[in-house]
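Topology and contacts: notes
Each chain is listed here by its residues.
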Amino acid sequence: SAVISQKPSRDICQRGTSLTIQCQVDSQVTMMFWYRQQPGQSLTLIATANQGSEATYESGFVIDKFPISRPNLTFSTLTVSNMSPEDSSIYLCSVGGNRAAGELFFGEGSRLTVL
Amino acid sequence: AQSVTQLDSHVSVSEGTPVLLRCNYSSSYSPSLFWYVQHPNKGLQLLLKYTSAATLVKGINGFEAEFKKSETSFHLTKPSAHMSDAAEYFCVVSDCGDNYGQNFVFGPGTRLSVLP
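The following refers to the structure shown. Not measured: the values here are computed from a predicted model.

Some words on the overall build of chain B
The secondary structure content of chain B amounts to 0 helices and 12 strands. Secondary structure of chain B in N-to-C order comes out as β-β-β-β-β-β-β-β-β-β-β-β. Taking 2.2 N^0.38 as the reference for a compact globule, 116 residues should give roughly 13 Å; the C-alpha atoms of chain B span a radius of gyration of 14 Å, in line with that estimate. Within chain B, the fraction of its 116 residues that count as buried is 46%. Partitioning the contacts of chain B with sequence separation of at least 6, the portion at a separation of at least 24 is 58%. By element, 52% of the accessible surface of chain B is carried by carbon and sulfur atoms, the whole surface being about 5,400 Å².

Spelled out as structure tokens, the structure:
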């Protein structure tokens, strides 16, 4: 298993500002994933972050809005830029676990409210 | 392309009665299937997983699920609900070759309420 810590756990932000969410894992992992969970909705993958390369973004998500850093094998950040109320969501960091099963482990999420 | 359908957005049961949360999937390949639980203000926790071994899978907290290929289903059950089971449950599908979890597809979720 993997223990994943996310900061901040929650924040309230003003429209037009940016927020950086940090994700720390207790072991080295190849892939880290960032998900968004809008209120009352399921999880949507934003991007996959690999160490030493550009993040791979899913359809509907762009680097200018959600820049990601992956400086080493245990840490990643997701920035939500130029926020609007529509960005109010839970943002979850995730890592792959057992290689054969593709199991995912999740942080507790960062609950963002944009006013 | 893979997809997951959770037939009930909300299920309400009385404490001590059985739980059934339904999940149907669509996958081009032999899938891996998972159930995750999300308690209020918490991250997601793996309940159980199917990865082409035994079709009846036992998970944590007394939950189990049965993979039925002919019905493309992976329903989650528990014989007796407990108050602490109240949470959101997500059914997830991925391709068998997805070693790192990069192609997980989440269902819309089922909110389980447990009444005293």
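Here we look at the pattern of salt bridges
Residue and element names in this part refer to chain B. Counted under the stated rule, the structure contains 5 salt bridges over all chains. Note that Asp8 and Arg22 form a salt bridge whose closest N and O atoms lie 3.0 Å from each other. Here Arg22 lies in the loop between strand S3 (19–21) and strand S4 (24–26) and Asp8 lies in the loop between strand S1 (3–5) and strand S2 (10–14), a separation of 14 residues in the sequence.

Thoughts on the sheet that holds strand S7 (residues 68–72) of chain A
Residues and elements named next belong to chain A. Sheet architecture is open: 4 strands sit in the order S1-S3-S8-S7, paired in antiparallel fashion. The sheet is open, and its two edges are formed by strand S1 (4–7) and S7, each paired on a single side. The average undirected angle you get between the axes of adjacent strands in this sheet is 15°. Taken together, the 4 bridges between S1 and strand S3 (residues 19–25) define a ladder with antiparallel strand orientation. Bridged to Gln6 within S3 is Cys23.

As for the state of the cysteines
The tally for this structure, following the rule as stated, stands at 2 disulfides over all chains. Across the disulfide from Cys23 of chain B sits Cys91 of chain B; the S-S distance is 2.0 Å. Its torsion about the S-S bond being -65°, the disulfide of Cys23 of chain B and Cys91 of chain B is classed as left-handed. Taken together, the positions of Cys23 of chain B in the loop between S3 and S4 and Cys91 of chain B in strand S10 (residues 87–95) put the pair 68 residues apart, joining distant regions of the chain. Its relative accessible area of 0% is what places Cys23 of chain B among the buried residues. A disulfide-free cysteine, Cys13 of chain A has its sulfur positioned 18 Å from the sulfur of Cys23 of chain A, the nearest such atom.

Considering the packing of aromatic side chains
Per the stated rule, a full pass over the model turns up 15 aromatic pairs over all chains. Taken together, a centroid distance of 5.4 Å and an interplanar angle of 75° make the contact between Tyr35 of chain A and Phe106 of chain B edge-to-face. Here Phe106 of chain B lies in strand S11 (residues 105–106) and Tyr35 of chain A lies in strand S4 (residues 31–37), a pairing that spans two chains. Residues Tyr25 of chain B and Phe67 of chain B carry aromatic rings whose centres are separated by 5.9 Å and whose planes lie at 25° to one another, so their mutual orientation is stacked. Of this pair, Tyr25 of chain B sits in strand S4 while Phe67 of chain B sits in strand S8 (residues 64–68), placing them 42 residues apart in sequence. Here the two residues Tyr25 of chain B and Phe67 of chain B agree in accessibility, since each one is buried.

Comments concerning the layout of surface pockets
Volume-wise, the largest pocket comes out at about 340 Å³. Together, 20 residues line the largest pocket, and Gln37, Gly40, Ile90 and Arg111 of chain A together with Gln38 of chain B are the ones closest to its centre. Broken down by secondary-structure element, the contributors of at least two residues to the lining of the largest pocket are strand S9 (89–96) and strand S11 (110–114) of chain A together with S10 of chain B. Counting residues per element, the lining of the largest pocket draws most heavily on S11 of chain A, at 3 residues. Residues of the lining of the largest pocket, tallied by class, amount to 6 nonpolar, 10 polar and 4 charged.

Digging into the side chain of Gln38 of chain B
Relative to the elements of secondary structure, Gln38 of chain B occurs in strand S5 (residues 31–38). Among the polar contacts made by the side chain of Gln38 of chain B, one reaches the side chain of Gln37 of chain A at a distance of 2.9 Å. Sequence-distant contacts of Gln38 of chain B, that is, excluding residues within four places in its chain, are made with Gln37 of chain A together with Gly43, Leu44, Ala87, Glu88 and Phe90 of chain B.

Cut-offs applied
- All chains use their own residue numbering, which begins from 1 and follows the written sequence.
- The lettering of chains begins at A and the numbering of ligands begins at 1, in the order of writing.
- pLDDT decides what is reported in this predicted model: residues at 70 or higher carry local features, side-chain atom pairs at 80 or more are listed and counted, and totals for whole chains, interfaces and linings draw on all residues regardless.
- Where side-chain values are given, they derive from all heavy atoms of the structure, hydrogens and water being excluded.
- Numbering of helices and strands starts at the N terminus; helices are DSSP runs of H or I of at least 4 residues and strands are runs of E of at least 2.
- This radius of gyration counts C-alpha atoms alone. The globule rule is 2.2 Å times how many residues there are, raised to the power 0.38.
- The classification of residues rests on relative accessible area computed with a 1.4 Å probe and restricted to protein chains. Under 20% of the type maximum is buried, over 50% is exposed, and intermediate values are partly exposed.
- Throughout, a residue-residue contact means that at least one pair of heavy atoms, one from each residue, lies within 4.5 Å.
- Note on areas: Shrake-Rupley with a 1.4 Å probe; residue coverage comes only from the protein chains shown.
- Salt bridges are defined as contacts in which a side-chain nitrogen from Lys or Arg sits within 4 Å of a carboxyl oxygen from Asp or Glu.
- At least two DSSP bridges between two strands are needed for those strands to be called paired.
- The axes used here are C-alpha line fits, helices contributing only the stretch in contact, and every angle between their N-to-C directions lies in the interval 0 to 180 degrees.
- Two cysteine sulfur atoms make up a disulfide if the distance between them is within 2.5 Å.
- In summary, the pairing rule links any two rings of Phe, Tyr or Trp, Trp by its six-membered ring, whose centres are within 6.5 Å, and it sorts them by plane angle into stacked for under 30 degrees, edge-to-face for over 60 and tilted for everything else.
- Grid points spaced at 1 Å and placed over the protein atoms alone form the basis of the search, with a cavity being a set where a 1.4 Å probe fits but cannot get out and a pocket an open set showing protein on both sides within 12 Å along at least five of seven lines. Lining residues have an atom within 4 Å of a point.
- Grid points are joined across faces, edges and corners, and a volume is the space filled by probe spheres set on the points.
- Each residue gets one of three labels, nonpolar for Ala, Val, Leu, Ile, Met, Phe, Trp, Tyr, Cys and Pro, charged for Asp, Glu, Lys and Arg, and polar for the others, Gly among them.
- Two N or O atoms count as a polar contact when they lie within 3.5 Å, although within protein this holds only if one can serve as hydrogen donor and the other as acceptor, and sequence-adjacent residues are included solely when both atoms are side-chain atoms.

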